[in-house]
Amino acid sequence: MSLLLAAESEGGGLEFPSLTQLVEWPDIIDPIGFNKIALIHVLSVVVPALIFFLASRQKSLVPSGVRTIAEGTIEFVEKQIIMQAIGPDGMKYLPVLLSYFLFVFFGNITEVIPFFQMPANARIAGPIVLALISWAMYIGIGVKNHGMGYFKEVLFPPGVPPALYILVTPIELLSNFILRPFSHAVRLFANMLAGHILLVTFGVLSITVAGMAIGWIWLEVFTFGGLVAFTAFEMFVSLIQAFVFTILAAVYIGGSLHPAH
Amino acid sequence: MSIAAQVLAQLDGAETKAAAAAEGAGFAYGLAAIGPGIGIGYLVGQAVQAMARQPESAGQVQTTMFLGVAFTEALALIGFVVFILLKFA
Amino acid sequence: MTISITIDGEELALAFADEEHSEDGEATAEEVPNPVIPEINEMLWALGSFLALWGLMKFVLLPPLLKLRAEREAKVASDREAADRAHQALGEVQDEYNASLASARAEADGIIEAARSEAADYRSTVMAGATTEISEMRSDAASGLDDSRSAAIDSMKGDVGDIAVAAASAVLGKNLDRGAQQGAIDAALSGGDE
């Protein structure tokens, strides 16, 4: 790229920070391993809890202020996620799904919040923990509702001619019990990591171009413009990924409650 | 990397590994992005058509479209993870 | 995060972490942890905070909001029911009013009808009386007229007989007896009357 060549001829080079610098954080409080990611996780609990606590203190029938946000989120999770994926008898899973949504959303949105600028879900720790909890939940719900016959129903779906079980059962086993949590976690993780790397790239480019000779200032329009545009895009992607994570968890729970086949 | 390329470039063992990793990484994501690209394009096109046929269902169709896009994109991003794994580890 | 850029030999470094920094991204000399492998401390913090959030949501934060929402929906439903009932009552009142209006109108029509028929009867009675009187008067007049006409005819007959006898006696030159010619005169007159 001519940009790099121009920079090199001036004696320097465009240096990208290494990936570990982007995603690994030093411990702030050393003995308990509390780093920036852990801080974001704790804030993902404190901020929603604060909002909902303040909301529940209003006693009027008509919500106003912060209670609108709280009730709006509950309505969103109920109408768009539970009713679509599980049906009316899924209302008892509202606390879990709401917690998923808020936790993942807050973990994602810190990517664009100025002090943090790092999505907590760009480290695979968070998504893996959440995906394992969702995995345990849907297997647990299946076993609780259908007994051990749940495994038989999933691995040997009725309506399939018995000769095909040799083919179908390994696929079902792999797909339902091994790949589901993996894809559930990786979808969220990879989206956030890719977004973070993209934003860092544009940031580094912007800084580099800003420090160059004045004749290159027109390039700043593209790099800074790209940074702004991708920040907006990442806000959107944060919301979408939180929604997709939650609705997928709901679909798995619904699939365990009423096996479709 | 092929032996001829290694010999010509005068690379040693560790550098060969790094070079092969970089090559594989580039191919990994590039090829992984083809399928989801086609899939997402088709999906959004069908969603737009559905919205044009029945404007009242536009909200529902839009939500389902985002859901589908996220699922399809996951496959491309698994390729991205492979890229990260090869390049940085 | 540390961004270190070298331009023209100057180094601009924005750092708030003092980290080992290698020239290229990949580690050939040092051990760089795989960014895809999870760290145990982060996992534990994530697990702990998620369980805390779930617990809080389920037991502390959601019940009041759900209760308020249920209250509000119950109130809306009851208000709507009351509105439906009021609407129904309105319909009933309206029906009643329409019915009474209709009956009043029917009564008024009946009264008018009765009055009209009464008037018609009266008129016909009066007219019948008048007609009878007129016909009586007419017949009286007619009979009077007849009487005077027959009297006039008789006198005219007498006069005509006299004139005829006088004329005949003048023509014949002799004196005729009126009484004897009366029969011939009557026959001629009655022949002329026919």
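Throughout what follows, the structure given in this document is the object of discussion. A quick note: this is a predicted structure, and the numbers were derived from the prediction, not measured.

## Considering the interface of chain A and chain C
No. 1: Taken together, the contacts link 67 residues of chain A with 48 residues of chain C.
No. 2: Taking both sides of the interface into account, the surface hidden between chain A and chain C amounts to around 5,000 Å²; carbon and sulfur atoms contribute 69%.
No. 3: When the buried surface of chain A facing chain C is broken down by residue, Glu 15, Gln 21 and Leu 61 of chain A rank first, second and third, together holding 14% of it.
No. 4: Our count for the chain A to chain C interface comes out at five salt bridges.
No. 5: Of the charged contacts, one joins Glu 78 of chain A and Arg 69 of chain C as a salt bridge, the two residues approaching to 2.7 Å between their closest N and O atoms.
No. 6: Our count for the contact surface shared by chain A and chain C stands at four residue pairs in polar contact (both at pLDDT 80 or more).
No. 7: Broken down by element, the residue count for the side of chain A that touches chain C peaks at 13 residues, all from helix α3 (residues 36-56) of chain A.
No. 8: In the side of chain A that touches chain C, the residues fall into 40 nonpolar, 16 polar and eleven charged.

## Let's talk about the interface of chain A and chain B
Often, the extent of an interface is quoted as the loss of accessible area upon association of its parts.
No. 1: With 19 residues of chain A at the contact, the number on the chain B side is 14 residues.
No. 2: For the pair chain A and chain B, the interface holds zero salt bridges.
No. 3: Counting across the chain A and chain B interface gives one residue pair in polar contact (both at pLDDT 80 or more).
No. 4: Of all the secondary-structure elements, those providing two or more residues to the side of chain A that touches chain B are α4 (66-85), α8 (165-210) and α9 (217-257) of chain A.
No. 5: Considering every element that reaches the side of chain A that touches chain B, the biggest residue donor is α8 of chain A, with nine residues.
No. 6: Residues of the side of chain A that touches chain B, tallied by class, amount to 14 nonpolar, four polar and one charged.

## Looking at the packing of aromatic side chains
No. 1: Per the stated rule, a full pass over the model turns up 20 aromatic pairs over all chains.
No. 2: The interplanar angle of 65 degrees and the centroid separation of 4.8 Å between the aromatic rings of Phe 34 of chain A and Trp 45 of chain C together place this pair among those described as edge-to-face. Placement of the pair is Phe 34 of chain A in strand β2 (residues 34-35) and Trp 45 of chain C in helix α1 (residues 40-172), with the two residues belonging to separate chains.
No. 3: On the basis of relative accessible area, Phe 34 of chain A is assigned to the buried category, the value being 11%.
No. 4: Residue Trp 45 of chain C is classed as partly exposed on the basis of its relative accessible area, which comes to 24%.
No. 5: Centre to centre, the rings of Phe 230 of chain A and Phe 233 of chain A are 6.3 Å apart; their planes meet at 85 degrees, and the pair counts as edge-to-face. A residue pair is termed a helical-turn pair when its members lie 3 or 4 positions apart in one helix, as Phe 230 of chain A and Phe 233 of chain A do in helix α9 at three residues.
No. 6: On the accessibility criterion, Phe 233 of chain A (41% relative accessible area) is partly exposed.

## A look at the nonpolar core
No. 1: Core analysis: the biggest nonpolar cluster contains 72 residues, and Phe 52, Tyr 93, Leu 97, Leu 98, Tyr 100 and Leu 193 of chain A together with Met 57 of chain C have the highest contact counts within it.
No. 2: The element that contributes the greatest number of residues to this core is α9 of chain A, accounting for eleven residues.
No. 3: Apart from residues lying up to four places away in sequence, Leu 98 of chain A is in contact with Phe 52, Thr 73, Ile 74 and Val 77 of chain A together with Met 57 and Leu 62 of chain C.
No. 4: By size, the runner-up hydrophobic cluster in this structure holds eight residues, among which are Tyr 138, Tyr 150, Leu 155 and Leu 248 of chain A.

## Overview of unusual backbone geometry
No. 1: Despite not being glycine, Gln 117 of chain A has its phi angle at roughly 55 degrees, a positive value.
No. 2: Looking at the element boundaries, Gln 117 of chain A is found in the loop between α5 (94-109) and α6 (125-146).

## Structural notes on the side chain of His 184 of chain A
Residues and elements named next belong to chain A.
No. 1: With respect to the helices and strands, His 184 occurs in helix α8.
No. 2: By relative accessible area, His 184 is classed as buried at 1%.
No. 3: A distance of 3.2 Å separates a polar side-chain atom of His 184 from the backbone oxygen of Phe 245.
No. 4: In this structure, His 184 is in contact with Ala 131, Ser 134, Phe 245, Leu 248, Ala 249 and Tyr 252, ignoring residues within four places of it in sequence.

## Some thoughts on α5 of chain A
No. 1: An ideal rise of 1.5 Å per residue puts 22 Å on 16 residues; α5 of chain A measures up with 22 Å between its terminal C-alpha atoms.
No. 2: The element α5 of chain A is extensively covered by neighbouring structure, given that 15 of its 16 residues are classed as buried.

## Examining the packing of α8 of chain A against helix α4 (residues 58-88) of chain B
No. 1: It is at 8 Å that the axes of α8 of chain A and α4 of chain B come closest, and there the two elements cross at 70 degrees. When the axis of α8 of chain A is compared with that of α4 of chain B, the two are roughly perpendicular. The two elements α8 of chain A and α4 of chain B meet at a crossing, and its hand is left-handed. Mapping the contact onto sequence places Phe 182, Val 186, Arg 187, Phe 189, Ala 190, Asn 191, Leu 193, Ala 194 and Ile 197 of chain A in α8 of chain A and Ala 70, Phe 71, Glu 73, Ala 74, Leu 77, Ile 78, Phe 80, Val 81 and Ile 84 of chain B in α4 of chain B.
No. 2: Across the contact of α8 of chain A with α4 of chain B, the residue classes tally to 15 nonpolar, one polar and two charged.

## A word on the environment of Lys 87 of chain B
Residue and element names in this part refer to chain B.
No. 1: Tracing the backbone through its elements, the reader meets Lys 87 in helix α4.
No. 2: On the basis of relative accessibility, which here comes to 26%, the residue Lys 87 falls in the partly exposed class.
No. 3: Each C-alpha atom of the pair Lys 87 and Val 7 lies 23 Å from the other, and the pair is 80 residues apart in sequence.

## Considerations on the packing of α6 of chain A against α1 of chain C
No. 1: Here α6 of chain A crosses α1 of chain C at 50 degrees, and the two axes come no closer than 8 Å. As summarised for this structure, α6 of chain A and α1 of chain C are arranged oblique, according to the angle between their axes. The interaxial crossing formed by α6 of chain A with α1 of chain C has right-handed handedness. Contact with α6 of chain A, carried on its side by Ala 125, Gly 126, Ile 128, Val 129, Leu 130, Ile 133 and Met 137 of chain A, involves Glu 42, Met 43, Ala 46, Leu 47, Phe 50 and Trp 54 of chain C of α1 of chain C and no other residues of that element.
No. 2: Looking at side-chain class alone, the contact of α6 of chain A with α1 of chain C contains eleven nonpolar, one polar and one charged residues.

Conventions used here
Residues numbered from 1 in each chain as written. Chains lettered and ligands numbered in written order. Predicted model: local features only at pLDDT ≥ 70, side-chain atom pairs only at ≥ 80, totals over all residues. Heavy atoms only, no water. Contact = heavy atoms within 4.5 Å. Buried area = accessible area lost by both parts, 1.4 Å probe. Salt bridge = Lys/Arg side-chain N within 4 Å of Asp/Glu carboxyl O. Polar contact = N/O pair within 3.5 Å; in protein donor to acceptor, adjacent residues only side chain to side chain. Helix = DSSP H or I, 4+ residues; strand = E, 2+ residues; numbered from the N terminus. Nonpolar A, V, L, I, M, F, W, Y, C, P; charged D, E, K, R; others polar. Phe/Tyr/Trp six-rings, centres within 6.5 Å; stacked < 30°, edge-to-face > 60°. Buried < 20%, exposed > 50% of the residue type's maximum accessible area, 1.4 Å probe, protein only. Core = buried A, V, L, I, M, F, W, Y, C linked by side-chain atoms within 4.5 Å. Expected span 1.5 Å × (residues − 1). Axes fitted to C-alpha atoms, helices over the stretch in contact; angles between N-to-C directions. Parallel < 35°, antiparallel > 145°, perpendicular 65-115°, else oblique. Left-handed = near helix turned anticlockwise from the far one by under 90°.

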